[in-house]
Amino acid sequence: MPNEFHPLQGMSDIALPNINRWHEVEEIAHKIFYNHGYSEIRTPILEKSDIFLHSLGDSSDIVQKEMYNLKDRGERSLVLRPEGTAGVVRYLASLGEESLGTRLYYLGPMFRCERPQAGRKRQFHQIGAEYCSDPNPYIDAECIALQCALLEKLGLGDSVININTLGSLNDRKNIQDRLKSYFDQYHDIISEENIKKIDKNVLRILDSKDKEIQKLLTNAPTIIEMIEEDSRDYLNQVTILLRKLDITNDIKINHRLVRGLDYYNNTVWEITHNRLGSQNAIAGGGRYSIKLGKRTINGIGFAMGIERILSAQDNLSKNIHEQRNNGYWIVSDNSSIIDNMRLAQRIRHIYRCGMDLEAKSIKSQLRKADRFNASYVVFRGEKEIDKNIVTIKDLDSGDQKEFGFNDWINNLIDKKYRSYDNASI
Ligand code: HAM
């Protein structure tokens, strides 16, 4: 394809045949969230910059270097949302006291101006959930269990949950002070950039890729050593509850795990899958406390990358698309087009149905039936209409059979909607 027709680097068109798999993933998500009492929210893709600056924290990589910033005609500073939590929290803040207990989920595109590579896109898509709630290990366990249920339905029940605690907000000062004084001893060998990171939010140094920092981290105090007994118990309870909820995923406590966003406290987790390459995180989440204006929203949530879900599924032989009934294709002749358009309208109340309005040769119409991925071909030309019959070919088995038209159409409608009033169809 010539370059002029390509989308921007790190962004993709999502069309056939992949779009069918996207729909399948989205349908599973809607169903699981609905069953768990979550309702959908669609927040704007474009938000005021402040929303993200205040929520994600100015030491996060996203705020530092990955946001798509733009100005509107009134010179207002706007951002293409890099993640979903901040917008949802803004909405929750607008609800006032009623927000507590609200469970919301979302699906949609996010934008991060990162260096594109396998598994890392500039426009990617997340399925996410937020539960506005004060700290409570039962809620944390339920939220992780929900995510596991989703992964299982998506065929990814063998994902690994890496879990940690960042301590409560009360622990934060102690963690900050102790880590700072540890790293202060090595001021001479630490780069300017890392010194800034340590000053701003020392937790961000814990997942540093810098070789020098990684060496220093082997002897640095871990979070678990620096937090209060209560916070340690909290994590313990969450992991015990997960086992009691029969979560079969491998749960690994990883005391070095931190998250790339500043809003987290207490429980944090990342879910990885071994079928993914270096970008092996399918999902991430945690408990947070976000202050927007005068309101502080406490909650817990997670987001999973749809592209990563699909590539983890890629190596599975399961082809969701082929398992479906892909409907009917009507083969018509020129004089029967309008009759068959009327038939297509009736079938489309229930099933997918296509036809060629140019009614070219039968061979060409059958080629189109194949491209449409139809399960059945309906032959209905002038001759069949005169005799009030129809010939149906099952494209899977190759069987072909003639039916009385009325019996066939009534049976088709009846099969699916036995309990419905067919008069309107
Ligand atoms: P996150 O870890 O930044 O968390 O992103 C969640 C997931 O989005 C990742 O695990 C990954 O699957 C996918 N993802 C992130 N960046 C990219 C990218 N450049 N290309 C492809 N996929 C990507 C959040 O966004 C938090 N808002 C999650 C959360 C919700 N925490 C609490 N509530």
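Scroll up for the structure.
Each residue is numbered by its place in its chain's sequence as written, counting from 1. Residue-level local features of this predicted model are given only where pLDDT is at least 70; pairs of side-chain atoms are given and counted only at 80 or more, and the full residue set underlies all totals for whole chains, interfaces and linings. With hydrogens and water stripped out, all remaining heavy atoms of the structure feed into the side-chain values.

## Section: the sheet that holds strand β9 (residues 264–272)
And step 1. Strand order in this open sheet of eight strands is β1-β5-β6-β11-β10-β9-β7-β8, and the pairing throughout is mixed. Each edge of the open sheet is held by one strand with a lone partner, namely β1 (39–40) and β8 (250–253).
And step 2. As judged from the two bridges shared by β1 and strand β5 (residues 103–111), these two strands associate in the parallel manner. Counterpart to Glu-40 in the pairing with β5 is Tyr-105.
And step 3. Each of β1, β5, β6 (123–132) and β11 (295–305) touches helix α1 (residues 18–35); the most contacted strand, β6, lies at about 5 degrees to it. In this scheme, strands are said to pair when DSSP sees at least two bridges between them. Each helix corresponds to a stretch of at least 4 residues labelled H or I by DSSP, and each strand to a stretch of at least 2 residues labelled E; elements are numbered beginning at the N terminus. Contacts: residue pairs with any heavy atoms within 4.5 Å of one another. In this analysis an axis means a line fitted to C-alpha atoms, helices contributing only their contacting stretch, and an angle means the value between N-to-C directions, from 0 to 180 degrees.

## Some words on the environment of Gly-327
And step 1. With respect to the helices, strands and loops of the structure, Gly-327 is situated in the loop between α11 (306–314) and β12 (328–331).
And step 2. Measuring from C-alpha to C-alpha, the distance between Gly-327 and Lys-31 comes to 23 Å, with 296 residues separating the pair along the chain.
And step 3. Among all residues touching Gly-327, those that are not within four sequence positions of it are Arg-352, Ala-374, Ser-375 and Tyr-376.

## Quick word on the site of the ligand
And step 1. Near, as used in this document, describes a residue that has one of its heavy atoms within 4 Å of the molecule or strand being considered. Taken together, 27 residues form the shell around the ligand, and within it Glu-83, Thr-85, Glu-114, Tyr-264 and Ile-282 come nearest.
And step 2. In the model, an oxygen atom of the ligand is placed 2.8 Å from a nitrogen or oxygen of the Ile-282 main chain.
And step 3. Polar contact is the term for a pair of N or O atoms within 3.5 Å; when the atoms are in protein, one must be able to donate a hydrogen and the other to accept it, and sequence-neighboring residues count only if both atoms are side-chain atoms. At 3.1 Å, a backbone N or O of Gly-305 approaches an oxygen atom of the ligand.
And step 4. To measure how exposed things are, a 1.4 Å probe is used in the Shrake-Rupley method; for residues, cover is taken only from the protein chains shown. Relative to its unbound accessible surface of 660 Å², the ligand loses 95% to contact with the protein.
And step 5. Elements represented by at least two residues in the shell around the ligand include exactly β6, β10 (281–292) and β11.
And step 6. Take the shell around the ligand: its biggest share by element is seven residues, from β10.
And step 7. Polarity classes work like this: nonpolar for Ala, Val, Leu, Ile, Met, Phe, Trp, Tyr, Cys and Pro, charged for Asp, Glu, Lys and Arg, and polar for all others, with Gly in that last group. Across the shell around the ligand, the residue classes break down as 11 nonpolar, eight polar and eight charged.

None of the figures reported here should be taken as evidence of function without further support.
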